[in-house]
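So the chains spell out like this:
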Amino acid sequence: MVARQEIQENGVAEMMNAYVVTEKEHGEVLEVPIPILRDDEVLLEVKAAGLCGTDTHIYQGEYFSEFPLVPGHEFAGVIASAGKNVSRFEAGERVTADPNVACGYCSYCQESMENFCRNFQGVGVTRDGAFAQFVAVPQQCVFPIGDLPFDEAAFIEPLACVVYGQKRARPPIGASVLVVGAGAIGQLHIQLAKRNGAAAVAALDTDSEALKLASSLGADHCLENSPEGREELARRYPDGFSMVIDCTGIPEVVETLPAWVRPGGSLLVFGVCPENSRMTVNPFDIFRRDLTIIGSFALKKTFPEALALLQSGDIAVKPLVSRRLDLEAVPQTLAAYAAGDLKGKSLLIF
Ligand SMILES: [Zn+2]
Ligand SMILES: [Zn+2]
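Cut-offs applied
- Counting from 1, residues in each chain are numbered in the order their sequence is written.
- Both sets of labels track the order of writing: A upward for chains, 1 upward for ligands.
- A pLDDT threshold of at least 70 governs which residues receive local features in this predicted model, and a stricter bar of 80 or more applies before side-chain atom pairs are shown or counted, although totals over entire chains, interfaces and linings include all residues.
- Heavy atoms throughout the structure, all of them, feed into the side-chain values; hydrogens and water do not.
- Helix numbers and strand numbers start at the N terminus; a helix is a DSSP run of H or I with at least 4 residues, a strand a run of E with at least 2.
- Here the radius of gyration uses the C-alpha set of atoms, whereas the globule reference equals 2.2 Å times the residue count to the power 0.38.
- When accessible area is computed with a 1.4 Å probe and restricted to protein chains, residues below 20% of their type maximum are described as buried, those above 50% as exposed, and intermediate ones as partly exposed.
- Any two residues whose heavy atoms approach within 4.5 Å are treated as being in contact.
- As used throughout, the charge tally considers Lys and Arg to be positive and Asp and Glu to be negative, leaving His and the chain termini uncounted.
- Every charge is mapped onto a representative atom, which is NZ of Lys, CZ of Arg, CG of Asp or CD of Glu.
- Sodium, potassium and calcium take a 3.2 Å donor cutoff, other metals 2.8 Å, and in both cases only N, O and S atoms count; water is not among them, so sites may look incomplete.
- By construction, the arc corresponds to the directions joining the helix axis to the C-beta atoms.
- Any N or O atom pair separated by 3.5 Å or less is treated as a polar contact, with the protein-specific requirement of one donor-capable and one acceptor-capable atom, and with residues adjacent in sequence counted only for side-chain atom pairs.
- Every case where a carboxyl oxygen of Asp or Glu lies within 4 Å of a side-chain nitrogen of Lys or Arg is listed as a salt bridge.
- When two rings of Phe, Tyr or Trp (its six-membered ring) have centres within 6.5 Å they constitute a pair, described as stacked for plane angles under 30 degrees, edge-to-face for angles over 60, and tilted for the intermediate range.
- The criterion for a charge sitting over a ring is simple: Lys NZ or Arg CZ within 6 Å of the ring centre, and within 35 degrees of the ring normal.
- Should DSSP find at least two bridges between two strands, the strands are regarded as paired.
- An axis is simply a line fitted to the C-alpha atoms; with a helix, the fit covers only the stretch in contact. Between two such axes, the angle follows the N-to-C directions and lies from 0 to 180 degrees.
- Grouping into patches uses exposed residues only, defined as over 30% relative accessible area, and leaves out salt-bridged ones; the cut-off is 9 Å for like charges and 5 Å for nonpolar side chains (Val, Leu, Ile, Met, Phe, Trp, Tyr).
- Per-residue accessibility takes into account occlusion by the displayed protein chains alone, with areas from the Shrake-Rupley method and a 1.4 Å probe.
- Side-chain atoms within 4.5 Å are what join buried Ala, Val, Leu, Ile, Met, Phe, Trp, Tyr and Cys residues into a set we call a nonpolar core.
- Domain delimitation in this document rests on an assignment produced automatically or drawn from a domain database.
- Note on definitions: buried area is the accessible-area loss of two parts on being combined, 1.4 Å probe, summed for both.
- Throughout this entry, Asp, Glu, Lys and Arg are counted as charged residues, while Ala, Val, Leu, Ile, Met, Phe, Trp, Tyr, Cys and Pro are counted as nonpolar. The remaining residues, Gly among them, count as polar.

1. Overview of the overall build of the protein chain
For step 1, the next point in the chain: Within the protein chain one finds twelve helices and 17 strands.
For step 2, the next point in the chain: Radius of gyration (C-alpha) of the protein chain: 21 Å, near the 20 Å computed for a compact globule of 350 residues.
For step 3, the next point in the chain: For the protein chain, the C-alpha atoms occupy an extent of roughly 70 × 40 × 35 Å along the three principal directions.
For step 4, the next point in the chain: For the protein chain, the residues scored as buried account for 52% of the 350 residues in total.
For step 5, the next point in the chain: Counting only contacts in the protein chain whose residues sit at least 6 apart along the sequence, the fraction spanning at least 24 positions is 70%.
For step 6, the next point in the chain: For the protein chain, the distance from the average position of its 29 positive side-chain charges to the average position of its 45 negative side-chain charges is 7 Å.

2. Focus on the coordination of the zinc ion (ligand 2)
For step 1, the next point in the chain: Looking at the zinc ion (ligand 2), the protein donor atoms are Cys103 (SG), Cys106 (SG), Cys109 (SG) and Cys117 (SG), and they sit 2.3 to 2.4 Å from it.
For step 2, the next point in the chain: Positions of the donor residues of the zinc ion (ligand 2), expressed as sequence spacing, correspond to C-x2-C-x2-C-x7-C.
For step 3, the next point in the chain: By relative accessible area, which is 6% here, Cys106 ends up buried.

3. Considering helix 7 (residues 208-216)
For step 1, the next point in the chain: Listed as buried for helix 7 are Ala210, Leu211 and Ala214. Each buried residue of helix 7 sits inside an arc of 100 degrees when the element is viewed along its axis, so together they form one side. Structural note: helix 7 exposes Lys212 and Ser216 on the side pointing more than 90 degrees away from its buried face.
For step 2, the next point in the chain: The inward-facing, buried residues of helix 7 contact helix 6 (184-195), strand 11 (200-205) and strand 12 (221-224).
For step 3, the next point in the chain: For helix 7, the N-terminal cap is Asp207; the gap from its side-chain oxygen to the backbone nitrogen of Glu209 is 3.0 Å.
For step 4, the next point in the chain: Gly218 sits one or two positions beyond helix 7 and adopts a positive phi of about 115 degrees.

4. Observations concerning the pattern of salt bridges
For step 1, the next point in the chain: Evaluated as defined, the whole model comprises 13 salt bridges.
For step 2, the next point in the chain: We note a salt bridge from Glu74 to Lys345, for which the minimum N-O separation is 2.6 Å. Of this pair, Glu74 sits in strand 4 (residues 74-82) while Lys345 is found in strand 17 (residues 345-349), placing the two residues 271 residues apart along the sequence.
For step 3, the next point in the chain: Two residues, Arg236 and Glu232, come together in a salt bridge whose shortest N-O distance is 3.1 Å. You can see Arg236 and its partner Glu232 sitting in helix 8 (residues 227-236), four residues apart, about one turn around the helix.
For step 4, the next point in the chain: Because the salt bridges share partners, they merge into one network encompassing Asp151, Glu152, Lys318 and Arg324.

5. Re the environment of Asp40
For step 1, the next point in the chain: For Asp40, the position within the fold is in the loop between strand 2 (26-33) and strand 3 (41-51).
For step 2, the next point in the chain: Look at Asp40 and you get partly exposed, because its relative accessible area is 31%.
For step 3, the next point in the chain: In this structure the C-alpha to C-alpha distance between Asp40 and Asp207, which are 167 residues apart in sequence, comes to 45 Å.

6. Quick word on the packing of aromatic side chains
For step 1, the next point in the chain: Scanning all chains against the criterion turns up nine aromatic pairs.
For step 2, the next point in the chain: Grouping aromatic residues by their ring pairs yields a cluster made of Tyr63, Phe64 and Phe120.
For step 3, the next point in the chain: Looking at Arg94, its charged tip hangs above the ring of Phe150, at a distance of 4.1 Å from the centre.

7. Quick word on the sheet that holds strand 13 (residues 241-246)
Working definition: the strands of a sheet are paired by backbone hydrogen bonds and lie parallel or antiparallel to each other.
For step 1, the next point in the chain: Taken in spatial order, the six strands of this open sheet run 12-11-10-13-14-15, and their pairing is parallel. Two strands lie at the open edges of the sheet, namely strand 12 and strand 15 (292-295), each paired on one side alone. The sheet shows a mean angle of 20 degrees between the axes of neighbouring strands, direction not considered.
For step 2, the next point in the chain: Of the strand pairs in this sheet, strand 14 (residues 261-269) and strand 15 are connected by four bridges, and their pairing is parallel. Among the inter-strand pairings, Leu268 is bridged to a residue of strand 15, identified as Ile294.

8. Observations concerning a nonpolar patch on the surface
For step 1, the next point in the chain: Taken together, the side chains of Met279, Val281 and Ile293 make up a nonpolar region of the molecular surface, amounting to roughly 230 Å² of accessible area.
For step 2, the next point in the chain: When you line up the elements, Ile293 lands in strand 15.

9. Notes on the nonpolar core
For step 1, the next point in the chain: One finds Ile145, Ile156, Leu159, Val177, Ile245, Leu310 and Ile315 to be the most contacted residues of the largest nonpolar core, which totals 47 residues.
For step 2, the next point in the chain: Examining the composition of this core, we find that seven residues originate from one element, helix 5 (residues 156-168), more than from any other.
For step 3, the next point in the chain: Residue contacts for Leu310: discarding those within four places in its chain leaves Leu148, Glu152, Phe155, Ile156, Leu159, Ile315 and Val317.
For step 4, the next point in the chain: Counting 42 residues, the second largest nonpolar core, distinct from the first, contains Ala82, Val137, Cys141 and Leu348.

10. Side note on the domain arrangement of the protein chain
For step 1, the next point in the chain: Domain annotation of the protein chain identifies domain 1 (4-155 + 317-349) and domain 2 (160-295).
For step 2, the next point in the chain: Facing the seven residues of domain 1 at the interface are nine residues of domain 2.
For step 3, the next point in the chain: Between domain 1 and domain 2 lies a buried interface of about 710 Å² when both sides are counted; carbon and sulfur atoms form 65% of it.
For step 4, the next point in the chain: Three residues, Pro319, Leu320 and Lys343, lead the burial of domain 1 against domain 2; their summed loss comes to 51% of the area buried on that side.
For step 5, the next point in the chain: Applying the counting rule to domain 1 against domain 2 returns zero salt bridges.
For step 6, the next point in the chain: The tally of links between domain 1 and domain 2 comes to one residue pair in polar contact (both at pLDDT 80 or more).
For step 7, the next point in the chain: Class assignment of the residues belonging to the side of domain 1 that touches domain 2 gives a composition of three nonpolar, two polar and two charged.

This is the structure in structure tokens:
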């Protein structure tokens, strides 16, 4: 295997194309150096990368990223080269990587709370990511994907977040679950809830196409988030739901959700609301009805479960892809998401 850092150290600049956010609300495709590997890192040649809401937040300067940055934290590809301490991968091996790099030695890591690592690095968040021909990742984050297609493997990261969320707030067996927001994440929650013991899953969204898709992926009742839709939902589920999952990240929507939780049930706050947003809750209601409000940040060692679920074919992800892009189309696509002009999941394909 040729170690690329050696080539670079010998003075031959190897360049690649990457989408770079150079400043808040400005990104372009630039020719940049291929990442220089540390001894414990591998270089992946990216084959597929998902665009997600977090990328839009990063682009808009609403996340803790610093610029310039190559975003892209949902990806799969092949091993191109490896640092000198890496022996477990072969060039050409098909892999994905957990973008959350934990240090392993801080007090949170020592408590197995790696998603709160004090020295956290996020590939595509705090260090360069996969909207590029190549991305460097530490070897401990890399997972072989076997023959899982690259476009499906790009969903392992978001599915791993969903798996983590439903491990934090597991639907009781036979439960009724309401998923609010039927974007890609909502569709994953719907499918996982059905396989995680829920007897009935309902979906609310404002987009009729998303509701049709939710229905085809196993949601039992798909209703428009309108006064009429909510009225029908209340008629079908007069006691409310054992578990309500927000996948909208809209504070005004989240605020309405405790009312849908049945006594003893839980609200999983999964969608990413703006950092400084506020909502009001009725503390008496939480007290009187034994409600639980649960957060779920990123993922924690749930890549193996997500990979297994995709390999089993039990969770469908191909229908969640609204469009496939090449690198040149990323600038206008992220700008359109930021402007609110675009919905659905986009996949960058090399
Ligand atoms: Zn994401
Ligand atoms: Zn740590």
